[in-house]
Amino acid sequence: NLANQPPRRKNLIAAPRSTMDRSKLSTKKQDFQVRVNIHEGRKLLGGNIHPVCNVHVGKQSKHTRVQKSTNKPLWDEVLFFDFNCSAFDLCDEPVTIEVLNSRKIRSDSLIGAFKFDLGLVYESNDHQFFHKWVLLTDPEDKESGAKGYVKISISILGPGDKLKIPPKSSSADDLVDIESNLLRPAGVQLQPATYTVKIYKAEDVPKMDTDYFEGMKRVLRMQHGDHDLVDPYMIVSFAGKKLKTKVMYKTYTPEWDQELNIGVQMPSMCEQLMLRLMDKDHFNRDDIIATHFLQLTRLSSADPDDEGFLPTFGPAYVNFYGSPRESIVDDELEPLNRGCGEGCSFRGRALVELTVNIGQEPSKDELIRDID
C-alpha cells in the first residue's frame, strides 16, 4: 500500500521558503485547519502508470484516489489537516507533495516530489493561494530534471477566518501565464526554448461588418466603394504569451508571411497553442472571426521507450469553424468563435507551420519577423 508513506527526506532539493518576518507572528496556541486541494497532474513521467498523490503536512499524511493508466490524472480532491499550535510554529511545518505509481513496488514507486513550508502559504493574501503549479523532481537527483507537474490550491484557516472559494479551472488555463504561476525547487533549471509559428496566409475569410457599419464607413470615407469589409490579422497565444501578425486591410485572402517566436521554459505544461483569426474594427472592439487550437500532445512524442520528438506541424492548412457566417450585430453564438464549443460553420482556413528549437528564447527584436 503506497498511501500514507512517509516522505523521503534524504538529500531533498532546496525548497522555496517564505520571506516574511516571523518575529511578529503570534506564539499563542490556536486551532488551524490546512486545506490542500489537489486538482490535477500533467506530463507525469512514465508509461501506463497509475498515479496517486500523497500529501504530507508536518507529521500528518493523506492521499488521493488512484487514477488508472494516465499521465494526466484529474483528482480534484480536498485533503484536510488539523493543527493546534501557534502561527509561529505552523509556518515552519513542512509540506511535501508526492506522486507515486501505484503499480510499482514501494521502493521504486516515486515519480516525483515537491517540498515547501506552510509559511509560503501563510504570507499569501488571506493565507491561501489558488491554482499553483508545482514542479516535481527526484528528491535525490536534481540533475534528472522535471518529472511532471501538479496543480494545487492551499488554504490556512484560523479562528474567525473565512474560506474563499477558488475560481474554477478550465481549458483556458493554457492561455494564462503558467510560468509566473509555477513553484519549482531552488537549483532546478528548465531548458529555454522557442516556439516558432509561421503564419503564411488565409483563405475564404468571412465578411464581418454589417450593412449598417458598411454605410457608416462610407459616410466617414473609410470605405471606398468596395465590399471587402474584412481587415484580418492572426493572434497566436501559448503559455500566457500572446503575439499577433500585422493587419491586412480590406481582403478576404490575407497574406501575412510572418513568423511569431514565443519563448518558453521546457518541459512546458501547456498542451495547446491557440490560433485566433481576428477582424480589425475601427468603431468597436476587434471582432473574433474564429479560433483553432493545435493540440501539442498529438504533434509530439514523449514516449520514454523512444527518443521522441518535439511539437512539429506543417506547413499545412488549419480550418476555422465558428458561428454561422451570416453577419449579425449581436451574435448569441459568438462564444463558438472564441473556441468555446464546437463551431458549426466554416470560417476560413490558414496556412501555418510550427517548429520548436531548444537552447534559447527569442530577443525582443526576434519576436515578430517577416518571412523572406
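Values in this document were obtained by computation on a predicted structure and should not be read as measured data.

Cut-offs used in this document
Residues numbered from 1 in each chain as written. Predicted model: local features only at pLDDT ≥ 70, side-chain atom pairs only at ≥ 80, totals over all residues. Heavy atoms only, no water. Pairing = 2+ DSSP bridges. Helix = DSSP H or I, 4+ residues; strand = E, 2+ residues; numbered from the N terminus. Axes fitted to C-alpha atoms, helices over the stretch in contact; angles between N-to-C directions. Core = buried A, V, L, I, M, F, W, Y, C linked by side-chain atoms within 4.5 Å. Buried < 20%, exposed > 50% of the residue type's maximum accessible area, 1.4 Å probe, protein only. Contact = heavy atoms within 4.5 Å. Salt bridge = Lys/Arg side-chain N within 4 Å of Asp/Glu carboxyl O. Phe/Tyr/Trp six-rings, centres within 6.5 Å; stacked < 30°, edge-to-face > 60°. Lys NZ or Arg CZ within 6 Å of the ring centre and 35° of its normal.

Visitor: Quick rundown of the sheet that holds strand S17 (residues 345-358)? Include the residues and the values.
Guide: Strand order in this open sheet of 5 strands is S16-S17-S10-S13-S18, and the pairing throughout is antiparallel. Sheet topology places strand S16 (313-322) and strand S18 (368-370) at the edges, where each strand pairs with a single neighbour. On average, each strand axis in the sheet is inclined to that of its neighbour by 30°, with strand direction left out of account. Where strand S10 (residues 191-203) and strand S13 (residues 255-266) come together, 10 bridges link them in antiparallel fashion.

Visitor: Account for the nonpolar core, with residues named and values stated.
Guide: The biggest cluster of nonpolar side chains holds 39 residues, and the ones touching the most others in it are Tyr195, Ile199, Phe238, Leu273 and Leu275. Listing elements by their share of this core, those giving two or more residues are S10, strand S11 (232-238), S13, strand S14 (272-279), strand S15 (287-295), S16 and S17. When neighbours within four sequence positions are excluded, Leu273 is seen to be in contact with Tyr195, Val197, Val236, Ser237, Phe238, His292, Phe293, Leu294, Leu296 and Leu354. With 36 residues, the next largest nonpolar core counts Leu44, Ile111, Phe129 and Ile156 among its residues.

Visitor: Any chance you could break down the pattern of salt bridges for me, citing the residues and the numbers?
Guide: Tallying each qualifying case throughout the model produces 7 salt bridges. Taking the shortest distance from any N to any O, the salt bridge between Lys241 and Glu361 comes out at 3.8 Å. With Lys241 in strand S12 (residues 241-244) and Glu361 in the loop between S17 and S18, this pair connects stretches of sequence that are 120 residues apart. In this structure Lys241 comes out as partly exposed when scored by relative accessible area, which is 27%. On the accessibility criterion, Glu361 (31% relative accessible area) is partly exposed. When the shortest N-O distance is used, the salt bridge between Glu334 and Arg338 registers 2.5 Å. A residue is classified by how much of its surface remains accessible, and Arg338, at 33% relative accessible area, is partly exposed.

Visitor: Residues and numbers for the packing of aromatic side chains, please.
Guide: Each pair of aromatic rings is reported with the distance of its centres and the angle of its planes. This model, assessed by the stated rule, comprises 3 aromatic pairs. Here the aromatic rings of Phe114 and Phe116 are separated by 5.7 Å at their centres, their planes lie at 45°, and the arrangement is tilted. For Phe114, a relative accessible area of 1% gives the class buried. Of the residues examined, Phe116 reaches a relative accessible area of 2% and is grouped as buried. The cationic tip of Arg349 hangs over the ring face of Tyr317; the distance from NZ or CZ to the ring centre is 3.7 Å.

Visitor: Describe unusual backbone geometry, listing the residues and the values that go with them.
Guide: Omega for the bond connecting Gly314 with Pro315 falls within 30 degrees of zero, at 5°, which places this linkage in the cis form. The backbone phi angle of Lys250 is positive, close to 55°, even though this residue is not glycine.

Visitor: Outline the environment of Val57, listing residues and values.
Guide: Topologically, Val57 is positioned in strand S2 (residues 51-57). We classify Val57 as buried; its relative accessible area is 0%. Taking the C-alpha atoms as reference, Val57 lies 5.9 Å from Pro94; in sequence the two are 37 residues apart. With near-sequence residues (within four places) excluded, Val57 lies in contact with Val36, Phe81, Phe83, Pro94, Val95 and Leu118.

Any link to function would need more than the numbers given here.
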